[in-house]
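# A look at the structure
Below, each chain spelled out in residue letters.
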Amino acid sequence: MSEHDAGPDEDLRSDEREDLDDREYVPGGRRRKGRGAKGCVAVLVALVVLLGGFYVALTQGVSWVADQFQGPEDYPGPGTGSVEFTVNEGDTVAQIGRNLKAEGVTLSVQAFIDAAAGEPDSSGIQVGAYELQKEMKAADALEVLIDPANLIGFPTVTIPEGLRLTEIVSTLAENTDFPEQAWNRALQQPDRIGLPDYAEGNAEGYLFPATYEVKPGMKPVRILKMMVDRWRQAADEAGLEERAAELGKTPGELMIIASLIEAEGRGDDMPKIARVIYNRLDGPGDKGGTNGTLGIDASIAYGLGLSPGSTELTPEQLAEDTPYNTRINAGLPPTPIEAPGDDAIAAAANPAEGDWYYYVTVDLATGETKFYEDYDGFLEGRDEYKAYCETSDRC
């Protein structure tokens, strides 16, 4: 399942309406004969409208096709003018991207998210103000943000969406004065860092991915509590506990689902992936041929201690029976597998409506993902992915 993410011319219409208003009508809708010149004008106007509509439809169609096969929109750069941009406490990479787009710095949120995903130093983005420009290339804006020399403020650490707990600990150690041992000791105090009871003492999935300001005197327990508090904010905004009850799940199960969604999708696909997971867990009969198994390889890799997305799993690895092998074992894995962000938590709490049981990402460059109701559809998607891999170096 996881084989591999113009309107009309208003002035013209106004002129047309004026011509139409000058025509004479009789009851019943019959137009009086005569005024041949205006009749010709009406014909010409109708032709213009038809041609205009055809042009709009054509250009929109071309734009739609381009959107399916191109990466996210991005400015060519280098940019103009000056913009004072602020990274706020608790900002996720996605939120930074949204703020950059709102300020006119970047053209799209996804272009910034993709640039950050390919830049290890994006975890070091610090809270504070930066001088940027309008219409910058996303990678150029990121380059400014990851350089502490461009910042005025306290040191910060940014945890991107989708990191495992071990990766979060490494990132915290690399960006603070505290070694990994100090962070691991703090994690052994679940009550002090504020974990909910349903986390069962395991912080996996509950250290929210965002940007945090590390002020002088702050120790690991306080910083971790700040991260869990930020998770609580996201959970409350999504109505996590209320929606869990409505969906027939526990809040802990919704967090596991959110982590799977984070591993598998992005953007608008997340609520659809959530629906696939719920259909496979709760669907009728043989659950679309899945018999309750999720078939999410990211979970299998987590159970084997393999780096996420580092390599395609071998048949032997796929067959190894661990609690996280969602091809062998029906139902959810026992814990979250990584840190979900706002969008994944919201998707877990509010899945899309649909009868899908399968999905395939058919273009790794754009993240285009297709959804299917049965296994035959899935096989078509898998063939499309294989054909894509024959000409792409991303596979």
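You'll find the protein chain entered in an unreviewed UniProt entry as Endolytic murein transglycosylase, with Nocardioides eburneiflavus given as the organism. As stated in UniProt under Sequence similarities (unreviewed entry), the record for the protein chain gives "Belongs to the transglycosylase MltG family." Its UniProt record, at the heading Function (unreviewed entry), says of the protein chain: "Functions as a peptidoglycan terminase that cleaves nascent peptidoglycan strands endolytically to terminate their elongation."

What follows deals with the overall build of the protein chain. The helix and strand tally for the protein chain stands at 16 helices and six strands. Within the protein chain, buried positions represent 45% of all 395 residues. With an accessible surface of roughly 20200 Å², the protein chain has 50% of that area assigned to carbon and sulfur atoms.

A few words on a negative patch on the surface. A cluster of acidic side chains, namely Asp 355, Glu 373, Asp 374, Asp 376, Glu 380 and Asp 383, defines a negative patch on the protein surface. Within the secondary structure, Asp 383 sits in helix α16 (residues 375-389).

Quick look at the UniProt feature "site: Important for catalytic activity" (unreviewed entry) in the protein chain now. UniProt records the feature "site: Important for catalytic activity" (unreviewed entry) at Glu 264, using the numbering of this structure. Within the element layout of this structure, Glu 264 appears in helix α11 (residues 251-264).

Turning our eyes to something else, we now look at the pattern of salt bridges. All told, the structure shown has eleven salt bridges when counted by the stated rule. Measuring nitrogen to oxygen at the nearest pair gives 3.3 Å for the salt bridge that ties Asp 342 to Arg 230. Of this pair, Asp 342 sits in helix α15 (residues 342-349) while Arg 230 sits in helix α9 (residues 220-238), and the two are 112 residues apart along the sequence.

Judged by nonpolar contacts, the single largest core of 62 residues is most densely connected at Leu 207, Leu 224, Met 227, Trp 231, Ile 261, Ile 277 and Ile 345. For this core, the secondary structure elements donating two or more residues are α6 (165-175), α7 (180-187), α9, α10 (240-247), α11, α12 (270-282) and α15. Tallying contributions element by element places α9 first for this core, with nine residues. Leaving out residues up to four positions away in the same chain, Ile 261 has contacts with Met 270, Ile 273, Ala 274, Ile 277, Ala 344, Ala 347 and Ala 348.

Judged by how many residues are buried, strand β6 (residues 368-372) sits mostly within the fold: four of five residues are covered. As paired strands, strand β5 (residues 358-363) and β6 are joined by five bridges and run antiparallel to one another. Looking at β6, one finds that Thr 361 is bridged to Thr 369. Here β5 hands over to β6 after four residues, with Gly 367 in that stretch at a positive phi of 80°.

Per the counting criterion, the structure on display carries ten aromatic pairs. Aromatic side chains Tyr 206 and Trp 231 sit 5.0 Å apart centroid to centroid with 70° between the ring planes, which places their arrangement in the edge-to-face category. In this pair, Tyr 206 sits in the loop between α8 (190-193) and β4 (211-213) while Trp 231 sits in helix α9, placing the two residues 25 residues apart along the sequence. There is no split in this pair, since Tyr 206 and Trp 231 are both buried. One Lys or Arg, Arg 280, reaches over the ring of Tyr 358 and ends 4.8 Å from the middle of that ring.

Omega for the bond connecting Gly 77 with Pro 78 falls within 30 degrees of zero, at 5°, which places this linkage in the cis form. Within the secondary structure, Pro 78 sits in the loop between α2 (36-69) and β1 (80-87). Here Asn 291, not a glycine, exhibits a phi torsion of approximately 55°, which is positive. Along the chain, Asn 291 falls in the loop between α12 and α13 (297-304).

This brings us to the environment of Ile 168. The residue Ile 168 is located in helix α6 in this model. The exposure class assigned to Ile 168 is buried, which follows from its relative accessible area of 2%. When the C-alpha positions of Ile 168 and Pro 209 are compared, they lie 8.8 Å apart, and in sequence the two are 41 residues distant. Ignoring any residue separated from it by four or fewer positions in sequence, one finds Ile 168 in contact with Ile 159, Leu 163, Leu 207, Met 227 and Ala 339.

Our next topic: the environment of Gly 162. Position of Gly 162 relative to the elements: it lies in the loop between β3 (156-158) and α6. Remark: the alpha-carbon pair of Gly 162 and Glu 264, spanning 102 residues in sequence, is separated by 9.8 Å. With residues near it in sequence (within four places) discarded, Gly 162 still touches Glu 167, Glu 262, Glu 338 and Ala 339.

A few words now on the packing of α9 against α10. The relative placement of two packed helices is expressed as an angle between their axes plus a distance between the axes. Where α9 meets α10, the closest approach of the two axes is 6 Å, and the angle between their N-to-C directions is 50°. Taken together, the axes of α9 and α10 are oblique relative to one another. Residue-level contacts link Trp 231, Arg 232, Ala 235 and Ala 238 of α9 to Leu 240, Glu 241 and Arg 243 of α10. Residue classes in the contact of α9 with α10 are distributed as four nonpolar, no polar and three charged.

Mean pLDDT over the protein chain works out to 84, with 81% of the residues at or above the 70 mark. Confidence scores differ between elements of the protein chain, with helix α1 (residues 10-22) showing the lowest mean pLDDT of 39 and α7 the highest of 98. Low confidence marks residues 3-59, where pLDDT is under 50. Its contacts with residues over four positions away, or in another chain, come to 39 contacts. Here residues 61-69 is a poorly scored stretch, pLDDT under 50, and it has three contacts once near neighbours within four places are set aside; other chains count.

What counts, and at which threshold
- Residues numbered from 1 in each chain as written.
- Predicted model: local features only at pLDDT ≥ 70, side-chain atom pairs only at ≥ 80, totals over all residues.
- Heavy atoms only, no water.
- UniProt positions renumbered as here; feature names shortened; annotations may be inferred.
- Helix = DSSP H or I, 4+ residues; strand = E, 2+ residues; numbered from the N terminus.
- Buried < 20%, exposed > 50% of the residue type's maximum accessible area, 1.4 Å probe, protein only.
- Areas by Shrake-Rupley, 256 points an atom, 1.4 Å probe, with all protein chains shown as cover.
- Patch = residues over 30% accessible without salt bridge, like charges linked within 9 Å, V, L, I, M, F, W, Y side chains within 5 Å.
- Salt bridge = Lys/Arg side-chain N within 4 Å of Asp/Glu carboxyl O.
- Lys, Arg positive; Asp, Glu negative; His and termini not counted.
- Charge placed at Lys NZ, Arg CZ, Asp CG, Glu CD.
- Core = buried A, V, L, I, M, F, W, Y, C linked by side-chain atoms within 4.5 Å.
- Contact = heavy atoms within 4.5 Å.
- Pairing = 2+ DSSP bridges.
- Phe/Tyr/Trp six-rings, centres within 6.5 Å; stacked < 30°, edge-to-face > 60°.
- Lys NZ or Arg CZ within 6 Å of the ring centre and 35° of its normal.
- Axes fitted to C-alpha atoms, helices over the stretch in contact; angles between N-to-C directions.
- Parallel < 35°, antiparallel > 145°, perpendicular 65-115°, else oblique.
- Nonpolar A, V, L, I, M, F, W, Y, C, P; charged D, E, K, R; others polar.
- pLDDT = per-residue confidence, 0-100.

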